[in-house]
Every structure is written in C-alpha cells, then in structure tokens.
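Read off the chains here:
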Amino acid sequence: MWFQGLFPSNMCPANASAYTFYGIMFDAGSTGTRIHIYTFVQKNPEQLPELEGEIFESVKPGLSAYASEPKKGDYVNMKYQGAETVRILLEMAKEAVPPSHWKKTPVVLKATAGLRLLSEQKAQALLLEVREVFEESPFLVPDNSVSIMDGSYEGILAWITVNFLTGQLYGQNQQTVGTLDLGGASTQITFLPRFEETLEQTPVDFLSSFEMFNSTYKLYTHSYLGFGLKAARLATLGALEIKAVDGQMLRSSCLPKQLEAEWHFGGVKYQYGGNREGETGFEPCYAEVVKVVQGKLHQPDEIRRSSFYAFSYYYDRAADTNMIDYEKGGVLEVRDFERKAKEVCDNMDMYTSASPFLCMDLTYITALLKEGFGFGDNTLLQLTKKVNNIETSWALGATFHLLQSLGLTH
Ligand SMILES: O=c1[nH]cnc2c1ncn2[C@@H]1O[C@H](COP(=O)(O)OP(=O)(O)O)[C@@H](O)[C@H]1O
Ligand SMILES: [Ca+2]
C-alpha cells in the first residue's frame, strides 16, 4: 500500500536506508477509548512510505462516562478514571514503539459524539486531564493534540481510510465507495457525489472539500449527533424529553415484555422495561422507532443507486445475529436488516438473552437506513471491520492527515 503523494520525494534524503516510523491515534468514542498504533516503512527514498501494520486496543467505557468527576470519579480504584484509561493504553504504545523513536512519534486524541454531548466545561476538564497524561509521556505531543473532532471530519476521515485501504485513492480507474458509520451517539454518511444534481440538491453544509494524496475530493458528508445506536435507544424510550430521569421506568414495545432493568450511558442511569400490558413485536416497535428518524435526515437521491461500506454498530449487530461472519464480514442488502429485525422482534424470548436491546437496535438500523437516509430495500452494504488487517476507522485517515501536516517522515 502506498501513500501516493503523501510525502514529497524531496523530503527523503538520498541513500537513506529502510526507515520505520510510527503514528499514535486515540479514538475517544462515546462507548470506548481506543488506541491505534500505525507503523510505516519507507523502503527507499524513491518510493513513498508503506503502511506496514497496526496495533489496536480498546477499553470501555468511553471518556464521557467519567464526566461527573474527572479527577476522582465515583470509582474506588484509580485506574478506572478517564485519563487513566488513556495512560494504560499509552503503556502499550511504549511497548510497540522502540524507545529511540518515542520523541518523534506523534500522539493525538480525538473525541467524538460522547464528548460533543457533554457541557463544554465537563468536556474540557476531561480533555485537560488527557493532555496532562500526554505531556508526561515520552512521545511527541503536537499543538492541539487533544480535541473534540468536528463531525464532518469524522465522516471524511473514515471515507479516506476505507477508500485508501481498498485501493481507490491511487492508480487508474478509481471508483470510490461511500461509508456508513454508526457509533453510540452519532452516525455519519459520506460519499463522493457522481451526479451534478446531487451537488445542486444538497445543502452547502453537507459538502466538504478535502485534500489528500495530492487530490481534492468534494464529498457529501454529515454527522448526525444523537442518532448513534445508543442515543437512539434513549430517544425511542423517550428518555431525552424527560428532565428527571431518575426513578422513572421507560417502557417500549421493542423490549421483552417482562424485562425491567437499569442501563448506564454517558454517566446517567436509566431504568427501562418491556410493555407489560401492551403490545410487543416488530410492528409496534417500528412505529416507535421510526418517529426518531422520520423527516430528520437529508435524503440524497443518488445513494439509492450505489453501494456502501458499513461498519461499527452496523457490523456488530449483523455479526451478533449471524447475518455475517464475525471475522470476515459480508455483503447484505438493506432488506436483510429488516428481515432479521422482524425475526428477532417477533420471537423476542429466543433472541434477547444476550442483549435485551437486540430487537430495538435492528429495528433502528432498518428505520435509519430506509426512512432516515432513504436507501432502497436492495441497496448493497459491504459490512467490513478490517481491510488487510487494518481497522476500518477514521483513525487511519486522521493519522495520514496528522503526518501530512507535520511533514513527519524522519
Ligand atoms: O477501530 C475500530 N474498528 C472497528 N470498529 C470500531 C472501532 N472503533 C469503534 N468501533 C465501533 O464503533 C461503535 C461504537 O461507537 P463509538 O463508541 O465510537 O461512538 P461515537 O462514534 O458515537 O462516539 C462500536 O460498534 C465499535 O465496535
Ligand atoms: Ca466512532
């Protein structure tokens, strides 16, 4: 794999031998914090660096779960504090990167929807703690190395990752693919419009020009905050309209009838349960869930005729229900999610022992794809977790961008 045009050849001294360098990217997502340690090799000065591999690790919950008290937290054990999770993951980076490279290896953390949903004060307090952990580390800490990422970058950088890994950003005959990311708190859709009408019919803030690998891409991208899978559970349960959630039982026809349980998300405790008296099953569930998306998302016509790469919770729920192989992924049509949602919701007792939310999640994915984005029943979705053993995440695109901005080959 080549970084076409990423590093100008004049940055590579003549006669340099094979040179290895590293980049560390933290993804502070709403449900977990992950570290991606990328290794690049420049084999000779004439050639562009190659992405050699990735070390990936994750911890749960995400930083936003530590929002109430960033320093001490409610947790007895210090290591469960938010910034501590970053420190633990950084230890892995020390194992992976040889000490002689520490000082020139950049480390960056980008937070997504979990922190976007917190108050500015709480989010900044958490980020400050992380920044301190970075400063104490032996790695290169660039300016603004700890931040909340803009939602449009999240989509663009994931699009860059997928299209780079599938070889669509270099060489002849580039046929880029669109990407769908479904996080815990937000969801992104990104593609390169093929038709002039799409550009004309799209609100300007859904279009972003982005330069990478010596090309400029004018992408359709949007991040919908509050439309991630877990945020959608809360919206379906009506938890977002209620001010004092404490003590209130939130009921839904998407949950097993007899269920009553507690759920923690974003530092808040929710109590939820099934519709003891009323209906359960796909139809009433769909009616509940569709209200969360209907009329709230922009529907670009051209996506009905294209196929998309889908990952994160699209992948997880498809794998959980054996629609795809957990390791290899697979190709599905939008209607496959609907079929599975019906099967699970109408036989709730058989399916929901692993997760009581399985019916609601599959129904939400169906509603989001069909009523939200406006995909057709037969739109193809390529469910992918890794390409060539590299995670399909915005983190690789973000690392390219970082290395490009730092001009860091040596
Ligand atoms: O590096 C990765 N590779 C594959 N999936 C990932 C990676 N990072 C996060 N995910 C997936 O993203 C989903 C969780 O979303 P996240 O916690 O990032 O919420 P957010 O994007 O709304 O902040 C899960 O399905 C998780 O498996
Ligand atoms: Ca994410």
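What you see is a predicted model, and the numbers here were worked out from it, not measured in a lab.

## Comments concerning the sheet that holds strand β4 (residues 107-111)
Pairing between the strands of a sheet is mediated by backbone hydrogen bonds and can be parallel or antiparallel. One open sheet accounts for five strands, arranged β3-β2-β1-β4-β5; its pairing is mixed. Only two strands of the sheet have a single neighbouring strand rather than two, namely β3 (50-59) and β5 (146-148). Averaged over all neighbouring strand pairs, the angle between strand axes comes to 20 degrees, with direction disregarded. Sheet topology note: the strand β1 (residues 19-28)/β4 ladder contains five bridges and is parallel. Within β4, the residue paired with A28 across the bridge is A111.

## Describing the site of ligand 1
The immediate surroundings of ligand 1 are formed by 20 residues, with T31, R34, T112, D316 and E391 found nearest. T31 is positioned with one of its side-chain polar atoms (N or O) 2.6 Å from an oxygen atom of ligand 1. Starting from 560 Å² of accessible surface for ligand 1 in isolation, the protein chains cover 90%. At a threshold of 2 Å from the grid points, most atoms of ligand 1 map onto the largest pocket. For the shell around ligand 1, the elements supplying multiple residues, two or more each, are β2 (33-42) and α8 (313-320). A class-by-class count of the residues in the shell around ligand 1 yields four nonpolar, eleven polar and five charged. Both of domain 1 (9-149) and domain 2 (151-391) provide at least three residues apiece to the shell around ligand 1.

## Topic: the layout of surface pockets
Within this model, the largest pocket holds a volume of roughly 890 Å³. Around the largest pocket, the lining is made up of 37 residues, and of these R34, F56, S312, D316 and K385 lie nearest the centre. Take the lining of the largest pocket: its biggest share by element is five residues, from α8. Looking at side-chain class alone, the lining of the largest pocket contains ten nonpolar, 15 polar and twelve charged residues. Domain assignment of the residues forming the lining of the largest pocket places at least three in each of domain 1 (9-149) and domain 2 (151-391).

## Considerations on the packing of helix α7 (residues 282-293) against helix α11 (residues 358-373)
Put simply, α7 and α11 touch, their axes get as near as 9 Å, and they point 55 degrees apart. Judged by the angle between their axes, α7 and α11 are oblique. Once α7 is placed against α11, the crossing between them reads as right-handed. Where α7 abuts α11, its residues F282, C285, Y286, V289, V290, V292 and V293 lie against C359, M360, T363, Y364, T366, A367, L368, K370, E371 and G372. The residue makeup of the contact of α7 with α11, split by class, is twelve nonpolar, three polar and two charged.

## Quick notes on the UniProt feature "active site" (unreviewed entry) in the protein
As recorded in UniProt, the sites labelled "active site" (unreviewed entry) are E154. Here E154 shows up in helix α4 (residues 151-165). Given the relative accessible area of 5%, E154 is considered buried. Contact partners of E154, with chain neighbours within four places excluded, come to T112, R116, M149, S186, Q188, S223 and W394.

## Comments concerning the pairing of strand β9 (residues 215-225)
Sheet topology note: the strand β7 (residues 186-191)/β9 ladder contains six bridges and is antiparallel. Looking across to β9, one finds that T187 is bridged to Y224. Pairing geometry for strand β8 (residues 207-212) and β9, over six bridges, is antiparallel. Across the sheet, L207 pairs through a bridge with Y220, a residue of β9.

Calculation notes
Throughout, residues of each chain are indexed from 1 in the direction in which the sequence is written. Numbering of ligands from 1 and lettering of chains from A proceed in the order in which they are written. Local features in this predicted model are restricted to residues of pLDDT 70 or higher, and side-chain atom pairs are both shown and tallied only at a pLDDT of 80 or more, whereas totals for entire chains, interfaces and linings draw on every residue. The basis for every side-chain value is the complete set of heavy atoms in the structure, and neither hydrogens nor water enter the calculation. Note on pairing: two strands pair once DSSP finds at least 2 bridges between them. We count a stretch as a helix when DSSP gives it H or I for four or more residues in a row; a strand needs E for two or more, and each element gets its number in order from the N terminus. Axes, fitted as lines to C-alpha atoms, cover a helix only where it is in contact. Angles between the N-to-C directions of the axes lie from 0 to 180 degrees. Proximity is defined per residue: if any heavy atom of the residue lies within 4 Å of a molecule or strand, that residue is considered near it. Two N or O atoms count as a polar contact when they lie within 3.5 Å, although within protein this holds only if one can serve as hydrogen donor and the other as acceptor, and sequence-adjacent residues are included solely when both atoms are side-chain atoms. Shrake-Rupley sampling with a 1.4 Å probe provides the accessible areas, and residues are treated as covered by the protein chains on show and by no other component. Definitions used throughout: a 1 Å grid over protein atoms alone; a cavity as a set of points that fits a 1.4 Å probe which cannot get out; a pocket as an open set with protein on both sides within 12 Å along at least five of seven lines; a lining residue as one with an atom within 4 Å of a point. For a molecule to be placed in a cavity or pocket, more than half of its atoms must lie within 2 Å of the grid points of that cavity or pocket. Residue type decides the class: Asp, Glu, Lys and Arg count as charged, Ala, Val, Leu, Ile, Met, Phe, Trp, Tyr, Cys and Pro as nonpolar, and the leftover types, Gly among them, as polar. Domain segmentation is taken from an automatic or database assignment of domains. Grid points are joined across faces, edges and corners, and a volume is the space filled by probe spheres set on the points. Any angle from 65 to 115 degrees is called roughly perpendicular, while one under 35 is roughly parallel, one over 145 is roughly antiparallel, and all others are oblique. Each crossing is labelled by how the near helix is turned from the far one, with a counterclockwise turn of less than a right angle marking it left-handed and a clockwise turn marking it right-handed. Any two residues having at least one pair of non-hydrogen atoms within 4.5 Å are treated as being in contact. UniProt positions are given in the numbering used here, feature names are shortened, and annotations may be inferred rather than shown by experiment. Each residue is placed in one exposure class: buried if its accessible area under a 1.4 Å probe, protein chains only, is under 20% of its type's maximum, exposed if it is over 50%, and partly exposed if it falls in between.

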